[in-house]
Amino acid sequence: MKSSPLHFGVIGTSGIASTHLEELNKLVALGEAKIVAVADLDEKKGKLAAEVYQCDYYQDYRELLKRRDIAVINICVPSGLHSEVTIEAARSGKHVIVEKPMDISLAKAEKMIRECNKAGVTLSVVMQNRFAPAVQQVKSALEQGRLGQPLLINASVNWYRSQSYYDVSSWRGTWAMDGGGAVLNQGIHTVDLVLYLMGQHKEMAGFIATRGHERIEVEDVASCTMKFENGALGVFSSTTCAYPGFYVRIEIFGSNGSVVLEDNQIMQWHIRGEVDSAQESLRSYPHLSLHGIQFLDVIQSIREGRAPSISGEEGIPSLRFIDELYHLNRHVSDVEIHREGK
């Protein structure tokens with residue numbers, strides 16, 4: 001017997017929220033979800049989203065949280081508000097899907113986990129790239145030891161954001177609400193994949209700087225080197241100055257083979273003793289983006305009473321990594337004050 005669709009509320013309707021709403025709407029068509037309400041301080045944007053997705057609109061998200069018929073909240077507000085909204089949603093008995101990063105403060109992110117656990121609700125942080133078939137193929141090869149001993153990983157995020165990208169919203173590019181720039185905002189998905197594939201790092205050295213934009217507090221270029229607990233070394237760089245914008249590239253070299261990913265696609269696959277392979281066919285949902293696949297995983301986890309594949313705890317390593325990089329560069333700005341919420 002088919003389960004009833006889970007009822008969703010979405011807080012924030014700008015930016016990445018459009019992807020959340022589009023993917024949830026696909027799950028509506030599959031009978032997995034129902035969009036019940038949206039909330040946004042901007043009445044025009046909020047009412048437009050409510051009209052498009054045929055749901056209720058609230059200017060005050062706390063009124064939305066009072067709805068007993070809503071089971072899951074998708075949080076798409078500025079990063080500096082993630083903890084506050086997540087905790088209120090948890091105390092209202094709602095499961096939570098929160099956009100990356102969990103919050104701009106590691107301490108607040110850890111509090112989010114504690115509060116959700118205390119309330120007995122699911123918390124999932126959006127790290128959708130883990131669901132890419134190519135990423136899963138590489139993960140499997142590493143776990144099976146087919147690449148041999150991991151030696152080196154190089155990861156780069158070569159993106160471009162115009163000055164207008166930062167100017168359009170007063171919170172963008174600020175330590176208080178954005179929490180960071182090319183690393184925390186744009187590069188965090190790649191940081192997550194580096195740690196997901198290679199394991200925890202134990203040493204780091206690196207730099208951040210603001211080189212290509214005006215009127216922003218946060219970094220737009222960053223580079224670091226690290227050593228992992230398994231002995232492998234790594235290099236990570238991220239920028240929003242690479243005009244006109246290029247790909248995310250991850251190169252992994254082991255004692256028995258090498259793999260190169262570009263934008264979640266396998267470009268090179270060479271393992272000693274194996275036929276060079278293109279991307280294997282793994283289970284996927286062709287009508288859903290990676291966001292949608294993660295949302296479906298959360299729905300299934302709630303129904304099955306298990307943890308989602310990407311829980312709140314899974315959002316901590318990348319945030320801790322970035323926090324360490326920023327603290328290495330605390331002299332560059334007042335990073336420490338803002339990120340600790342002082």
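Given the structure is predicted, the values throughout are model-derived calculations rather than measurements. (Residues numbered from 1 in each chain as written. Predicted model: local features only at pLDDT ≥ 70, side-chain atom pairs only at ≥ 80, totals over all residues. Heavy atoms only, no water.)

S.K.: Could you clarify how one ought to interpret the environment of E219 in this entry?
M.R.: Mapping E219 onto the fold places it in the loop between β8 (201-209) and β9 (221-228). Look at E219 and you get buried, because its relative accessible area is 1%. Taking the C-alpha atoms as reference points, E219 and G181, separated by 38 residues in sequence, lie 5.1 Å from one another. Setting aside chain neighbours within four positions, we find E219 in contact with W175, G180, G181, A182, V183, L184, I208, A209, T210 and Y326. (Helix = DSSP H or I, 4+ residues; strand = E, 2+ residues; numbered from the N terminus. Buried < 20%, exposed > 50% of the residue type's maximum accessible area, 1.4 Å probe, protein only. Contact = heavy atoms within 4.5 Å.)

S.K.: Looking at this model, I keep getting lost on the packing of helix α6 (residues 133-143) against helix α8 (residues 182-198). Mind explaining?
M.R.: The relative placement of two packed helices is expressed as an angle between their axes plus a distance between the axes. At a minimum axis separation of 9 Å, α6 and α8 run at an interaxial angle of 30°. Looking at the two axes, α6 sits roughly parallel to α8. Across the interface between the two elements, V135, Q136, V138, K139 and L142 from α6 touch L193, Y196 and L197 from α8. Partitioned by chemical class, the residues of the contact of α6 with α8 number six nonpolar, one polar and one charged. (Axes fitted to C-alpha atoms, helices over the stretch in contact; angles between N-to-C directions. Parallel < 35°, antiparallel > 145°, perpendicular 65-115°, else oblique. Nonpolar A, V, L, I, M, F, W, Y, C, P; charged D, E, K, R; others polar.)

S.K.: Looking at this model, I keep getting lost on the sheet that holds strand β12 (residues 257-262). Mind explaining?
M.R.: Working definition: the strands of a sheet are paired by backbone hydrogen bonds and lie parallel or antiparallel to each other. In space, the seven strands of this open sheet follow the order β8-β9-β10-β7-β11-β12-β13, with mixed pairing throughout. Looking at strand neighbours, the two that pair on one side only are β8 and β13 (265-271), the edges of this open sheet. Across the sheet, the axes of successive neighbouring strands diverge by a mean angle of 10°, strand direction being ignored. As paired elements, β9 and strand β10 (residues 233-239) share seven bridges and run antiparallel to each other. (Pairing = 2+ DSSP bridges.)

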